[in-house]
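One-letter residues, chain by chain:
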Amino acid sequence: VEINKVAILGAGCWRTHAATGITTFKRACEVADETGIKEAALTHSSVTYAVELKHLAGVDEVVLSDPVFDADGFTVVDIEEDCDVDLDEFIKAHLEGNPEDVMPKLRDYVNDIADDVPKPPKGAIHFLSPEEMEDKLDIVVTTDDAEAVEDADMIISWLPKGGVQPDIFKKIIDDIPEGCIVANTCTIPTRQFKEMFEDMGRDDLQVTSYHPATVPEHKGQVFVAEGYADEEVVEAVYELGEKARGLAFKVPGYLLGPVCDMASAVTAIVYAGLLTFRDACTDILGAPVDFTQNMAVEALQMMAKFMEEEGLDKLEEALDPAALTNTADSMNFGPLADTEILPKALEVLEKYSK
Ligand code: GMP
């Protein structure tokens, strides 16, 4: 499997990254340092992906396509003029010092102008112009999706939230090469992404993901979905991701959302619960693993049913959280107690009790 041309659809906007108030340009600065291209420090979203693929993973041709590049609302923030931050100091703060010495200035400026900049695709906030992206980063920038995907070995979708992706892909569906690798990021679950292409008659495509589980400029990592593409393809994307992003994980495709999206907070708590529950039951009580598994499956499935039937905002009305503080406390032994997961959970339930 050779990946010589990558097309990235969608370039993103930094306003939401500013709004969270917690992310930095740490990875972008590392990329600037590793490649010697200073301007790489000023990339975000899929633009950081593009630089990494071109200069760290050695992909011949990286094309970034977004209608916003031609839009009146495309806004380039000059960190020196607008935010009063020197580029060398910006990089130094991220690599050797504390990013928070400089980040508040960028966030404040962007939060201030955000209301006046139209949302993508009519406008977007970047720190480099499309010309600088081409000249300094050596990537191809276009507004023509059909041209971008022509002869591509891999397409990465940084397109808006799920619902609109079919309409965008429909327009270029015949331009996507036979057997092309198509990867989703954080805006659509991989399973839904796969079904979308199948609905368009493209079950020849190799579906996987190139999911950052963060904003790409902040942290170098990527999550690659398994199960919907040939194993060699998943391996190739994984190796590409490792070179480009520094750290890559393979994840069963259907788990990509639960592991990488916001509900990973729920998944992490549930997963930690499953591991400690398993060990407490099998190691200490000597319970058979299949019996233990059945009980855990029942708990997970019924909790999902409970939430669907009652609604997430009305859970406490239907089941007093205190009910569990009085049943689960006798489970407070072995790994469940040692790892402090159950005592902490019971404390939280107590707080929410009626
Ligand atoms: O994060 C979503 C990104 O997708 C934004 O930068 C949008 O401007 C971009 N976007 C919206 N519509 C399209 C489209 O039809 N093609 C491409 N390539 N990007 C789009």
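Below is a summary of the structure that appears in this document. What you see is a predicted model; the values in this text were computed from it and never measured. (Residues numbered from 1 in each chain as written. Predicted model: local features only at pLDDT ≥ 70, side-chain atom pairs only at ≥ 80, totals over all residues. Heavy atoms only, no water.)

**Details of the overall build of the protein**
Right, on to step 1. Looking only at helices and strands, the protein has 17 helices and ten strands in total.
Right, on to step 2. With respect to the principal axes defined by its C-alpha atoms, the protein has extents near 65 × 50 × 35 Å.
Right, on to step 3. Residue burial in the protein is summarised as follows: out of 354 residues, 47% are buried.
Right, on to step 4. A sequence separation of at least 24 residues applies to 73% of the contacts in the protein between residues at least 6 apart.
Right, on to step 5. Split by element, the accessible area of the protein, about 17,700 Å² in all, is 51% carbon and sulfur. (Helix = DSSP H or I, 4+ residues; strand = E, 2+ residues; numbered from the N terminus. Buried < 20%, exposed > 50% of the residue type's maximum accessible area, 1.4 Å probe, protein only. Contact = heavy atoms within 4.5 Å. Areas by Shrake-Rupley, 256 points an atom, 1.4 Å probe, with all protein chains shown as cover.)

**With respect to the environment of D78**
Right, on to step 1. Along the chain, D78 turns up in the loop between strand 3 (73-76) and helix 4 (87-95).
Right, on to step 2. Exposure remark for D78: the relative accessible area of 35% places this residue in the partly exposed category.
Right, on to step 3. In this structure the side chain of D78 is engaged in a polar contact, spanning 3.1 Å, whose partner is the backbone nitrogen of E81. (Polar contact = N/O pair within 3.5 Å; in protein donor to acceptor, adjacent residues only side chain to side chain.)

**Observations concerning the site of the ligand**
Right, on to step 1. The ligand sits among 15 residues. The nearest are G12, S65, D66, D145 and W158.
Right, on to step 2. Between the ligand and D66 there is a distance of 2.6 Å, counted from an oxygen atom to a side-chain nitrogen or oxygen.
Right, on to step 3. Contacts to the ligand include D145, whose side-chain N or O atom sits 2.7 Å from a nitrogen atom.
Right, on to step 4. For the ligand, the accessible surface in isolation is 440 Å², of which the surrounding protein chains cover 89%.
Right, on to step 5. Using a 2 Å cut-off from the grid points, one finds that the ligand occupies the second largest pocket. (Near = heavy atom within 4 Å. 1 Å grid on protein atoms, 1.4 Å probe; cavity = no way out; pocket = protein on both sides within 12 Å on 5 of 7 lines; lining within 4 Å. Sits in = over half its atoms within 2 Å of the grid points.)

**Structural notes on the nonpolar core**
Right, on to step 1. Ranked by internal contacts, the top residues of the largest apolar core, which has 68 residues, are I8, L53, F90, M133, M154 and Y210.
Right, on to step 2. Considering every element that reaches this core, the biggest residue donor is helix 10 (residues 231-245), with seven residues.
Right, on to step 3. Setting aside residues no more than four positions away along its own chain, F90 makes contact with F25, C29, A41, L42, I79, V85, V102, M103 and L106.
Right, on to step 4. The next biggest cluster of nonpolar side chains, apart from the first, holds 23 residues, and it includes L159, F169, I176 and M200. (Core = buried A, V, L, I, M, F, W, Y, C linked by side-chain atoms within 4.5 Å.)

**Concerning a nonpolar patch on the surface**
Right, on to step 1. Among the surface-exposed residues, V266, V270, Y271, L274, L275 and L300 lie close enough to one another that they form a single nonpolar patch of about 500 Å² accessible area.
Right, on to step 2. If you tally residues by element for the nonpolar patch, the top one is helix 12 (residues 264-284), at five residues.
Right, on to step 3. Topologically, Y271 is positioned in helix 12. (Patch = residues over 30% accessible without salt bridge, like charges linked within 9 Å, V, L, I, M, F, W, Y side chains within 5 Å. Salt bridge = Lys/Arg side-chain N within 4 Å of Asp/Glu carboxyl O.)

**Observations concerning the pairing of strand 9 (residues 222-226)**
Walk down a regular strand and you will see the side chains alternate between the two sheet faces.
Right, on to step 1. Of all five residues in strand 9, four are buried, a share of seventy percent or more.
Right, on to step 2. Across five bridges, the pairing between strand 9 and strand 10 (residues 248-252) is parallel. If you follow E226 over to strand 10, its bridge partner there is P252.
Right, on to step 3. Crossover strand 9 to strand 10 through helix 10 is right-handed. (Pairing = 2+ DSSP bridges. Right-handed = clockwise from strand over helix to strand, strands pointing away.)

**Re the state of the cysteines**
Right, on to step 1. The final tally for this structure, using the stated rule, is zero disulfides.
Right, on to step 2. Looking at the unpaired C180, the closest cysteine sulfur is the one in C186, lying at 20 Å.
Right, on to step 3. For the unlinked cysteine C186, the closest cysteine sulfur is that of C260, found at 9.3 Å.
Right, on to step 4. Classification of C186 by relative accessible area gives partly exposed; the value is 30%. (Disulfide = S-S within 2.5 Å.)

**A look at helix 3 (residues 46-55)**
Right, on to step 1. Here helix 3 lies mainly inside the structure; nine of its ten residues are buried.
Right, on to step 2. Buried within helix 3 we find S46, V47, T48, Y49, A50, V51, E52, L53 and K54.

**Considerations on the sheet that holds strand 5 (residues 140-142)**
Right, on to step 1. Overall, parallel pairing links the six strands, which are arranged 5-2-1-6-7-8 in an open sheet. Both outer strands of the open sheet, strand 5 and strand 8 (206-209), are each paired with one neighbouring strand and no more. Going across the sheet, the axis of each strand differs from the next one's by a mean of 20°, ignoring polarity.
Right, on to step 2. Relative to strand 8, helix 9 (residues 190-199) is tilted by about 155°, and along the sheet it contacts strand 6 (154-157), strand 7 (181-184) and strand 8.
Right, on to step 3. Strands strand 6, strand 7 and strand 8 of the sheet are contacted by helix 10, whose axis makes an angle of about 35° with strand 8. (Axes fitted to C-alpha atoms, helices over the stretch in contact; angles between N-to-C directions.)

**So, the pattern of salt bridges**
Right, on to step 1. Evaluation of the coordinates by the stated rule reveals 16 salt bridges.
Right, on to step 2. For the salt bridge of E34 with R27, the shortest nitrogen-to-oxygen distance reads 3.9 Å.
Right, on to step 3. Residue classification places E34 among the exposed positions, given a relative accessible area of 52%.
Right, on to step 4. Among the residues examined, R27 registers a relative accessible area of 4% and is labelled buried.
Right, on to step 5. A salt bridge links K344 to E347, with the nearest nitrogen and oxygen atoms 3.4 Å apart. Here K344 and its partner E347 are both found in helix 17 (residues 341-352), three residues apart, which amounts to about one turn of the helix.
Right, on to step 6. K344 sits in the partly exposed class, given a relative accessible area of 47%.
Right, on to step 7. Given the relative accessible area of 47%, E347 is considered partly exposed.
Right, on to step 8. In this structure, a network of salt bridges that share partners links the residues K26, R27, E30, E34, E52 and R245.

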